[in-house]
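What follows is the residue order along each chain.
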There are 2 protein chains.
Amino acid sequence: MATTQLDTVPEPKYWHLKTVLTDALDSEFSVGEILPNERELAARFGVARATLRQALEQLELEGRLQRRRGVGTTVAPPRMGVAVGPAQHTWPGEGDDAWQPVGCSDATPPAAVAALLETEPDALVHTVRRSRVTHGQPVAAELLYVPAGSVPDLSAIDVPAGPARARSVLRELQRLELTGQDRAVELGSARADDAKQLDRLPGAPVLVLTTRYFVGARTAAVAVATYRADTCRLTFGDSGGIEITHQGEGRQRRAS
Amino acid sequence: MATTQLDTVPEPKYWHLKTVLTDALDSEFSVGEILPNERELAARFGVARATLRQALEQLELEGRLQRRRGVGTTVAPPRMGVAVGPAQHTWPGEGDDAWQPVGCSDATPPAAVAALLETEPDALVHTVRRSRVTHGQPVAAELLYVPAGSVPDLSAIDVPAGPARARSVLRELQRLELTGQDRAVELGSARADDAKQLDRLPGAPVLVLTTRYFVGARTAAVAVATYRADTCRLTFGDSGGIEITHQGEGRQRRAS
């Protein structure tokens, strides 16, 4: 078995098991296949159930396994490379935007967003909900917060809510001159509403991408997008969005 | 309590508790403070221990709490914004690079990296280990994989290992004309050696940033950097690296 010569630190038992399981996943199992149950696996690899469970959790974190209620543990498909942050600055909804507007309402944003927008903590802002679907799978849910001050002409439009209202907000936003944007990625947990949209349980690990849109020195809008951490790899491509391959898939591609 | 009007989905019990706890963290506790034990907290909020534990796990995932063995649960400092991916293409070690070379050895890269580099699965490549420290805290560990073909003149240099060897590899790399780079972020778990370097337990959630460096159409090097997910927010700044503030901190800054 190939190991790097850098691994001079002793590894815990479940870690070694994880390596063995990874090799087994690569060689014996195909995507979507259901693994034997924990008792059988523990017996096969000669480890305690607790050790096995730790290794399975690691593999789930790394996107190799999916554990679904009522189904069991299945081999996960390779994570999808999901392009975020185009090289050019564009407003949401401009160009070949991968998002679909779902709805729009007036809501008080989370404190962190209110701070970025420099609105009062209890002030209502236009809140556009959007959805991103790739290969028929929901991959991300987004809330785009737009203060009334950024789209002053919007109130004249008589569209109360829903996707039509969302499109009106985006259209007004696109009339402004976008001077820059700023992005950050961090680990988070799925809120109940996002979880439902993403077909996950509330609290599932997600990658949270926060984007600030600047008009001059002012933050005109903030988008908080929640990506499924189990199925997505966020790509920031400067060279045409070349796909970084998954470990298992990489091996197969090498053969061709 | 302010809630958004979008929250029409019923939320599980621990989720509501999480919101209440978040408010308590903002108003009653300061960074580094140790929370009361689980029994006291469960009694105070009138919930079962299991519900409390779920809420605490969520807050840990979101970076609000840290649970340390032998210490208990403490209020986490705001996540640090760690700038990754400069606007200009630069080689590792060029310009105001935040990384320190730790060592260098020849090792077989993971299969996914070998696939990107188009090296044979068992081929040894120069493997530079680097460390990134911010405000005295280790925030990331990196392995930079450089095939011998990318630095053909290196073999003539008589530096066997360690940071000096690492610097030699970087210097040779910097002589090539970098034509592009490509980045991806995904969730992962800390390997034992990275965990040690990051002062975490093996298997802790990390953000894995994979960078490909192109010379012409060829991948000349691949860096796999492992960032602490509990303390870091990765920022991709196009507008001068303006800091996106943490929720709690954001509130304080508003007041100023």
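Residues numbered from 1 in each chain as written. Chains lettered and ligands numbered in written order. Predicted model: local features only at pLDDT ≥ 70, side-chain atom pairs only at ≥ 80, totals over all residues. Heavy atoms only, no water.

## Details of the overall build of chain A
- From N to C terminus, chain A includes 7 helices and 10 strands.
- Split into buried and exposed, the 256 residues of chain A put 52% on the buried side. (Helix = DSSP H or I, 4+ residues; strand = E, 2+ residues; numbered from the N terminus. Buried < 20%, exposed > 50% of the residue type's maximum accessible area, 1.4 Å probe, protein only.)

## Considering the nonpolar core
- Of all hydrophobic cores here, the largest spans 34 residues; its most connected members are A:Tyr227, A:Leu234, A:Phe236, B:Val185, B:Tyr227, B:Leu234 and B:Phe236.
- If near-sequence neighbours (up to four positions away) are discounted, B:Tyr227 is found in contact with B:Val82, B:Val84, B:Trp99, B:Arg132, B:Val139, B:Ala140, B:Val206, B:Leu207, B:Leu209, B:Cys232 and B:Leu234. (Core = buried A, V, L, I, M, F, W, Y, C linked by side-chain atoms within 4.5 Å. Contact = heavy atoms within 4.5 Å.)

## Some thoughts on the pairing of strand β6 (residues 137-146) of chain B
Residues and elements named next belong to chain B.
- With 8 of 10 residues buried, β6 lies mostly within the body of the structure.
- The hairpin formed by strand β5 (residues 125-134) and β6 contains 2 residues between the paired strands, and His135 there has a positive phi angle of roughly 50°.
- Here β6 runs beside strand β9 (residues 218-228); their pairing, made up of 6 bridges, is antiparallel. When the sheet's bridge partners are listed, Glu142 is paired in β9 with Ala225. (Pairing = 2+ DSSP bridges.)

## Describing the environment of B:Thr219
Residue and element names in this part refer to chain B.
- Looking at the secondary structure, you find Thr219 in strand β9.
- Given the relative accessible area of 6%, Thr219 is considered buried.
- Separated by 101 residues in sequence, Thr219 and Glu118 have C-alpha atoms that sit 8.1 Å apart.
- With sequence-adjacent residues up to four places away left out, Thr219 is seen in contact with Leu116, Leu117, Arg212, Tyr213 and Phe214.
- A polar contact of 3.5 Å, which involves the side chain of Thr219, links it to the backbone oxygen of Leu116. (Polar contact = N/O pair within 3.5 Å; in protein donor to acceptor, adjacent residues only side chain to side chain.)

## Some details on unusual backbone geometry
All names here are of chain A.
- In this structure, His135 is a non-glycine residue whose phi angle is positive, near 50°.
- Tracing the backbone shows His135 in the loop between β5 (125-134) and β6 (137-146).
- Judged by its relative accessible area of 73%, His135 is exposed.
- Non-glycine residue Asp199 carries a positive phi angle of around 65°.
- Tracing the backbone through its elements, the reader meets Asp199 in the loop between α6 (192-198) and β8 (205-215).

## Some words on the pattern of salt bridges
Residues and elements named next belong to chain B.
- Scanning the model with the defined rule gives 32 salt bridges over all chains in all.
- Between Glu28 and Arg44 there is a salt bridge; the shortest N-O distance is 2.8 Å. Remark: Arg44 occurs in helix α2 (residues 38-45) and Glu28 occurs in helix α1 (residues 13-28); sequence separation between them is 16 residues.
- Judged by relative accessible area, which is 45%, Arg44 ranks as partly exposed.
- Between Glu38 and Arg53 there is a salt bridge, with its nearest N and O atoms 2.9 Å apart. (Salt bridge = Lys/Arg side-chain N within 4 Å of Asp/Glu carboxyl O.)

## Some words on the packing of helix α1 (residues 13-28) of chain A against helix α3 (residues 49-61) of chain A
Residue and element names in this part refer to chain A.
- At a closest axis distance of 8 Å, the pairing of α1 and α3 adopts a crossing angle of 60°. When the axes of α1 and α3 are compared, the pair comes out oblique. Handedness of the α1/α3 crossing: right-handed. Counted together, Lys13, Tyr14, Trp15, Leu17, Lys18, Leu21, Thr22 and Leu25 of α1 and Thr51, Leu52, Gln54, Ala55, Leu56, Gln58 and Leu59 of α3 form the full contact between these two elements. (Axes fitted to C-alpha atoms, helices over the stretch in contact; angles between N-to-C directions. Parallel < 35°, antiparallel > 145°, perpendicular 65-115°, else oblique. Left-handed = near helix turned anticlockwise from the far one by under 90°.)

## Looking at the packing of aromatic side chains
- Across all of its chains, the model carries 7 aromatic pairs over all chains by this definition.
- Ring centres 6.0 Å apart and planes at 75° place the aromatic pair B:Tyr14 and B:Trp15 in the edge-to-face group. The two residues B:Tyr14 and B:Trp15 agree in class, both being buried.
- Sitting over the face of the ring of A:Trp15, A:Lys18 holds its NZ or CZ atom 4.1 Å from the ring centroid. (Phe/Tyr/Trp six-rings, centres within 6.5 Å; stacked < 30°, edge-to-face > 60°. Lys NZ or Arg CZ within 6 Å of the ring centre and 35° of its normal.)

## Observations concerning helix α2 (residues 38-45) of chain A
Residue and element names in this part refer to chain A.
- For α2, the full list of buried residues reads Glu38, Leu41 and Ala42. One side of α2 carries all its buried residues, which in axial view fall inside an arc of 100°. Facing away from the buried surface of α2 by more than 90 degrees, the exposed residues are Arg39 and Ala43.
- Residues of α2 that are buried in the fold lie against α3 and β1 (65-68).
- Between a side-chain oxygen at the N-terminus of α2 and the backbone nitrogen of Arg39 the separation is 3.2 Å; the capping residue is Asn37. (Arc of directions from axis to C-beta.)

## Here's the deal with helix α3 (residues 49-61) of chain B
- Here α3(B) spans 18 Å end to end across 13 residues, near enough to the 18 Å set by a 1.5 Å rise per residue.
- Along α3(B), the positions that sit buried rather than exposed are B:Thr51, B:Leu52, B:Ala55, B:Leu56, B:Gln58, B:Leu59 and B:Leu61.
- Packed against the buried residues of α3(B) are β7 (180-189) and β8 of chain A together with α1, α2 and β1 (65-68) of chain B.
- Phi for B:Gly63, located one or two positions after α3(B), is positive at around 85°. (Expected span 1.5 Å × (residues − 1).)

## Some points on the environment of B:Arg79
Residues and elements named next belong to chain B.
- Here Arg79 is to be found in the loop between β2 (72-75) and β3 (80-83).
- Take Arg79: its relative accessible area is 3%, and that puts it in the buried class.
- On a C-alpha basis, the gap between Arg79 and Glu40 in space is 27 Å, while along the polypeptide they are 39 residues apart.
- Polar contacts involving the side chain of Arg79 include one to the main-chain carbonyl oxygen of Asp230, which spans 3.3 Å.

## Things to note about the environment of A:Arg132
Residues and elements named next belong to chain A.
- Tracing the backbone through its elements, the reader meets Arg132 in strand β5.
- The class of Arg132 is buried, set by a relative accessible area of 9%.
- C-alpha separation for the pair Arg132 and Tyr227, spaced 95 residues apart in sequence, amounts to 9.1 Å.
- The residues contacting Arg132, other than those within four sequence positions of it, are Val82, Ala83, Val84, Ala98, Trp99, Gln137, Pro138, Val139, Ala140 and Tyr227.

## Considering the side chain of A:Asp193
Residues and elements named next belong to chain A.
- Mapped onto the secondary structure, Asp193 falls in helix α6.
- A distance of 3.0 Å separates the side chain of Asp193 from the side chain of Arg129, its partner in a polar contact.
- Engagement of the side chain of Asp193 in a polar contact is seen with the side chain of Arg191, the distance being 2.6 Å.

## Some thoughts on the confidence of the model for chain A
Residues and elements named next belong to chain A.
- Residues of chain A with pLDDT of at least 70 account for 84%, and the chain-wide mean is 83.
- Mean pLDDT in chain A bottoms out at helix α7 (residues 247-255), which sits at 33, and peaks at strand β9 (residues 218-228), which reaches 95.
- Low pLDDT (under 50) marks residues 1-9, which in the prediction has 20 contacts with non-local residues, meaning those over four places away or in another chain.
- The low-confidence segment residues 239-256, where pLDDT is below 50, has 46 contacts with residues more than four positions distant or belonging to other chains. (pLDDT = per-residue confidence, 0-100.)

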